[in-house]
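# Summary of the model geometry
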Amino acid sequence: MKIDDTTVNGVRIGGAEAKDEQTARAIDLPSGAHAVVRKGYGRDLMRAQRAAAGGDANAVVFALIAEVTRVEGRKIVYEDVLEMDLADVMALQAEVIDENFDRPPQRASQASSNPESQSRN
């Protein structure tokens, strides 16, 4: 059995799955470092919430960045994100938020066709 095949409570432990590698996005950080951000899953959010035990939403985002990001080919942890240059953190935050928190499309405002609902000035 390879380490990639090991699971704990049904959660795979080890390297990224093939589909994660295919959908991962590479970005060059402002500091010049190379980062790869993969798609996040519920298990990543759960781990991030545990790492940020105080429940602070900003700390959860930092921990989530650590869960889904590799910098210069190595896995990072929450404390690594805290020590990064601000510009790098902001670039990673934008990448993680944009990838994992799709916003629903804006509904187009439509004029009412009901004459009763129109204002009568």
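Before reading on, note that the structure itself is shown above.
The rules behind these values
- Residues numbered from 1 in each chain as written.
- Predicted model: local features only at pLDDT ≥ 70, side-chain atom pairs only at ≥ 80, totals over all residues.
- Heavy atoms only, no water.
- Helix = DSSP H or I, 4+ residues; strand = E, 2+ residues; numbered from the N terminus.
- Buried < 20%, exposed > 50% of the residue type's maximum accessible area, 1.4 Å probe, protein only.
- Contact = heavy atoms within 4.5 Å.
- Areas by Shrake-Rupley, 256 points an atom, 1.4 Å probe, with all protein chains shown as cover.
- Pairing = 2+ DSSP bridges.
- Axes fitted to C-alpha atoms, helices over the stretch in contact; angles between N-to-C directions.
- Expected span 1.5 Å × (residues − 1).
- Polar contact = N/O pair within 3.5 Å; in protein donor to acceptor, adjacent residues only side chain to side chain.
- Salt bridge = Lys/Arg side-chain N within 4 Å of Asp/Glu carboxyl O.

For the chain, the helix and strand inventory stands at five helices and six strands. When the elements of the chain are put in sequence order from the N terminus, they spell out β-β-α-β-β-α-α-β-β-α-α. Counting every position in the chain, which comprises 121 residues, the buried fraction comes to 26%. Considering only contacts within the chain whose residues lie at least 6 apart along the sequence, 46% involve residues at least 24 apart. Accessible surface computed for the chain: about 8,600 Å², of which carbon and sulfur atoms make up 51%.

A separate point is the environment of L45. Within the secondary structure, L45 sits in helix 2 (residues 42-51). The partly exposed category is assigned to L45, whose relative accessible area is 32%. Along the primary structure L45 and V61 are separated by 16 residues, whereas in three dimensions their C-alpha atoms are 8.8 Å apart. Residues contacting L45, with those up to four places away along its chain left out, are V60 and L64.

Now for the sheet that holds strand 6 (residues 74-75). Across the sheet, four strands lie side by side as 3-4-5-6; this open sheet has antiparallel pairing. Each end of this open sheet is capped by a strand with a single partner; those strands are strand 3 (25-28) and strand 6. Here strand 4 (residues 34-37) pairs with strand 5 (residues 69-71) via three bridges, running antiparallel. In the strand pairing of strand 5, A35 is matched with V71. With respect to the sheet, helix 3 (residues 57-68) is in contact with strand 4, strand 5 and strand 6, its orientation differing from that of strand 5 by roughly 70 degrees.

What follows concerns helix 3. With twelve residues, helix 3 ought to run about 16 Å at 1.5 Å a step, and its terminal C-alpha atoms sit 17 Å apart, in line with that. Among the residues of helix 3, those classed as buried are A59, V60, V61, A63, L64, I65, A66, E67 and V68. Between the side-chain oxygen of the N-cap and the backbone nitrogen of N58 there are 3.2 Å, and the N-cap of helix 3 in question is D56.

Moving on, we come to the pairing of strand 3. Judged from the four bridges that link them, strand 3 and strand 4 form a sheet pairing that is antiparallel. Bridge assignment links A26 to a residue of strand 4, and that residue is V36. Linking strand 3 back to strand 4 in an antiparallel pair, the connection comprises five residues, with G32 at a positive phi of about 100 degrees.

By the definition in use, this model includes five salt bridges. R25 is paired through a salt bridge with E95; the nearest N and O atoms lie 2.7 Å apart. Taken as a pair, R25 in strand 3 and E95 in helix 5 (residues 86-100) lie far apart in primary sequence, 70 residues in all. Owing to a relative accessible area of 16%, E95 belongs among the buried residues under this scheme. Where E67 meets R47, a salt bridge forms, and the shortest distance between an N and an O atom there is 3.7 Å. Residue E67 is found in helix 3, and its partner R47 is found in helix 2; the two are separated by 20 residues along the sequence. You can call E67 buried: its relative accessible area is 18%. Put simply, R38, D44, R47 and E67 are held in one network by salt bridges that share partners.

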